[in-house]
Amino acid sequence: MNEAKVSVSFSCQRCLQPIHVDDTFASLGEHTLAELALPINSHLEIDLESQSASFDHFVPPFRVTESTNDTNGFMLLSDGPTDKESLGHILRVKAELFDALSNNSEIDHPLCDECTDTLLELMDKQLKIAEDEWNDYNNYLKKLETTDDVPNIDELEQELAGLKQDEARLLEELSNLSREEQSIRQAVEEQEKEKQRLEAEENKYWREYTKHRRDVITTEDEFRSLECQTAYAQSQLEKLKKTNVFNATFHIWHSGHFGTINNFRLGRLPSAPVDWSEINAAWGQTCLLLSALARKMNFSFKQYRLVPYGNHSYVELLGEGKELPLYGNGGFRFLWDSKYDAAMVAFLDCLQQFKEEIVRRDPDFCLPYLMEKGKIEDASTGSIFSIKIQFNSEEQWTKALKYLLTNLKWVLTWVSSQFTEDKR
């Protein structure tokens, strides 16, 4: 048997899957095509029997059913003669069917069963929405037909025109407000830039303020420190003003029967044999004091010059070049050495000269003990004591030295008072 089998398949226009078309679509009459060409409208009821006569003269629209390109939505898998009709006729009939269905609706044909079911569900939903809208409009139409309050179209048009004018005005205001908003935004941006600049300047200012504040605090601390130093220096100055350098340097006092200067005893007793080194040191301090007082008063002694030299001080005879020692070491030969006595007599004469200079400047000045030619007299008792050590007792000599230091203390006090007044 040489029977040729033909299998023609179209593809679904939604899922593009191949589909097999039933053989009942192999032949279509003109009446069937005419019915398919009618518009699909569920609200229009067409009497097909009354219009059947017109279908006899129906001319179907031109379709490119014999084209072999892919625009007809089908695919030819094989070709060959059939028992009843040619393959070209079958393809042309099915193509006309699908073209008619596609042109009469928004759906491209053919469709497979699954896509058709999905499409039917979607169309059912759209139909339900359309029916609901139709019911709403129908109810509103019936309401309008039953009510007497028929809206005035002219008034509504006038109101609509007014609303359009209001809309135009509001749109213009909106445009103005938009432009104003834009300008405000620009102003805000400028103000924001100005704000950032001011914040930067503020930060710079605070940094400078902190630096200057730190400098001020440091300066105030230094100022207070300087004030404290100045106050301390002022107090020290006042204290120094009240302090006499001679009184601070040369302290003349007494210790029992001895007169002392800077705690050195001047004199000697059998009951208290003072060492000669202490006596020599006391004479050195005494010579230094009288020499300093004369220098302070710009006074020069006649015939003598005091030479302070510690525990080896002496009195120089002017014009003769002799040195009279104000120091000794004891012993038998020393007691018979007249130079030591001459030095003490010369020193007493210098003190007398200095006293006369003070009296010349201050006539009211006087000393508690009179001094003349190596002797000291106590005016209250009339007792006279020799400054010499030869042919004299140690008690008398020590008493004379004590009176000498007392007179020297009075001279020191007077000069210190003059010195204090000069400082003031």
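Note: the structure precedes this text.
Now for a look at the structure at hand. (Residues numbered from 1 in each chain as written. Predicted model: local features only at pLDDT ≥ 70, side-chain atom pairs only at ≥ 80, totals over all residues. Heavy atoms only, no water.)

**As for the packing of aromatic side chains**
At step 1: Considering all chains together, one arrives at eleven aromatic pairs under this definition.
At step 2: With centroids separated by 6.1 Å and ring planes inclined at 25°, the aromatic side chains of Tyr205 and Tyr209 adopt a geometry described as stacked. Within this pair, Tyr205 and its partner Tyr209 are both found in helix H5 (residues 153-242), separated by four residues, close to a single helical turn.
At step 3: Ring centres of Tyr369 and Tyr403 lie 3.9 Å apart, and the angle between their planes is 15°; this geometry places the pair in the stacked category. Note that Tyr369 is positioned in strand E10 (residues 369-372) and Tyr403 in helix H10 (residues 394-423), a separation of 34 residues in sequence. The same class applies to Tyr369 and to Tyr403, which are both buried.
At step 4: The ring of Phe258 has Arg265 sitting right over it, with the charged end atom 5.6 Å from the ring centre. (Phe/Tyr/Trp six-rings, centres within 6.5 Å; stacked < 30°, edge-to-face > 60°. Helix = DSSP H or I, 4+ residues; strand = E, 2+ residues; numbered from the N terminus. Buried < 20%, exposed > 50% of the residue type's maximum accessible area, 1.4 Å probe, protein only. Lys NZ or Arg CZ within 6 Å of the ring centre and 35° of its normal.)

**Side note on the state of the cysteines**
At step 1: Across all of its chains, the model carries zero disulfides by this definition.
At step 2: As a non-bridged cysteine, Cys287 has Cys350 as the owner of its nearest cysteine sulfur, 8.5 Å distant. (Disulfide = S-S within 2.5 Å.)

**Some remarks on the pairing of strand E11 (residues 375-378)**
At step 1: Side-chain alternation along E11 places Ile376 and Asp378 on a buried face and Lys375 and Glu377 on a face that remains uncovered.
At step 2: Note that E10 and E11 share four bridges and pair antiparallel. Of the residues in E11, the one forming a bridge with Leu370 is Glu377.
At step 3: Here E10 folds back onto E11 in antiparallel fashion, the turn holding two residues, of which Lys373 has a positive phi close to 50°.
At step 4: The loop that links E11 with its antiparallel partner strand E12 (residues 383-386) comprises four residues; one of these, Gly382, has a positive phi angle of about 80°. (Pairing = 2+ DSSP bridges.)

**Here we look at the pairing of E12**
At step 1: As paired strands, E11 and E12 are joined by four bridges and run antiparallel to one another. If you follow Glu377 over to E12, its bridge partner there is Ile384.

**Comments concerning a nonpolar patch on the surface**
At step 1: Together, Tyr205, Trp206 and Tyr209 make up an exposed nonpolar region whose accessible area comes to about 350 Å².
At step 2: Note on placement: Trp206 falls in helix H5.
At step 3: Accessibility expressed as a relative area gives 44% for Trp206, which makes it partly exposed. (Patch = residues over 30% accessible without salt bridge, like charges linked within 9 Å, V, L, I, M, F, W, Y side chains within 5 Å. Areas by Shrake-Rupley, 256 points an atom, 1.4 Å probe, with all protein chains shown as cover. Salt bridge = Lys/Arg side-chain N within 4 Å of Asp/Glu carboxyl O.)

**What about the sheet that holds strand E6 (residues 264-266)?**
At step 1: Pairing is antiparallel across the open sheet formed by three strands, whose spatial order is E4-E5-E6. Two strands in the sheet have a free side with no partner beyond their single neighbour: strand E4 (252-255) and E6. Adjacent strand axes in the sheet meet at a mean angle of 40° when their direction is disregarded.
At step 2: Here strand E5 (residues 258-261) pairs with E6 via three bridges, running antiparallel. By the bridge assignment for E6, Ile261 is matched with Phe264.
At step 3: Its contacts with the sheet place helix H7 (residues 276-296) against E4, E5 and E6, and it is angled at close to 90° to E6. (Axes fitted to C-alpha atoms, helices over the stretch in contact; angles between N-to-C directions. Contact = heavy atoms within 4.5 Å.)

**A short note on the packing of H7 against helix H9 (residues 338-361)**
At step 1: Here H7 crosses H9 at 30°, and the two axes come no closer than 11 Å. Accordingly, the angle class assigned to the pair H7 and H9 is roughly parallel. Relative to H9, H7 is oriented so that their crossing is left-handed. Contacts between H7 and H9 pair Trp276, Ile279, Trp283, Thr286, Cys287, Leu290, Leu293 and Ala294 from the former with Tyr340, Met344, Phe347, Cys350, Leu351 and Phe354 from the latter.
At step 2: Of the residues contributing to the contact of H7 with H9, the split by class is 13 nonpolar, one polar and no charged. (Parallel < 35°, antiparallel > 145°, perpendicular 65-115°, else oblique. Left-handed = near helix turned anticlockwise from the far one by under 90°. Nonpolar A, V, L, I, M, F, W, Y, C, P; charged D, E, K, R; others polar.)

**Focus on the pattern of salt bridges**
At step 1: Throughout the structure, instances matching the rule amount to 14 salt bridges.
At step 2: Lys128 is the partner of Asp132 in a salt bridge, and the nearest nitrogen-oxygen pair spans 3.1 Å. Here the residue Asp132 and the residue Lys128 both occupy positions in helix H4 (residues 113-146), the gap between them amounting to four residues, near one helical turn.
At step 3: Looking at Asp132, the relative accessible area reads 33%, which means it is partly exposed.
At step 4: Where Glu201 meets Arg197, a salt bridge forms, and the shortest distance between an N and an O atom there is 2.4 Å. Placement of the pair is Glu201 and Arg197 together in helix H5, with a separation of four residues, close to one helical turn.
At step 5: Through salt bridges with shared partners, one network takes in Asp166, Arg169 and Glu173.

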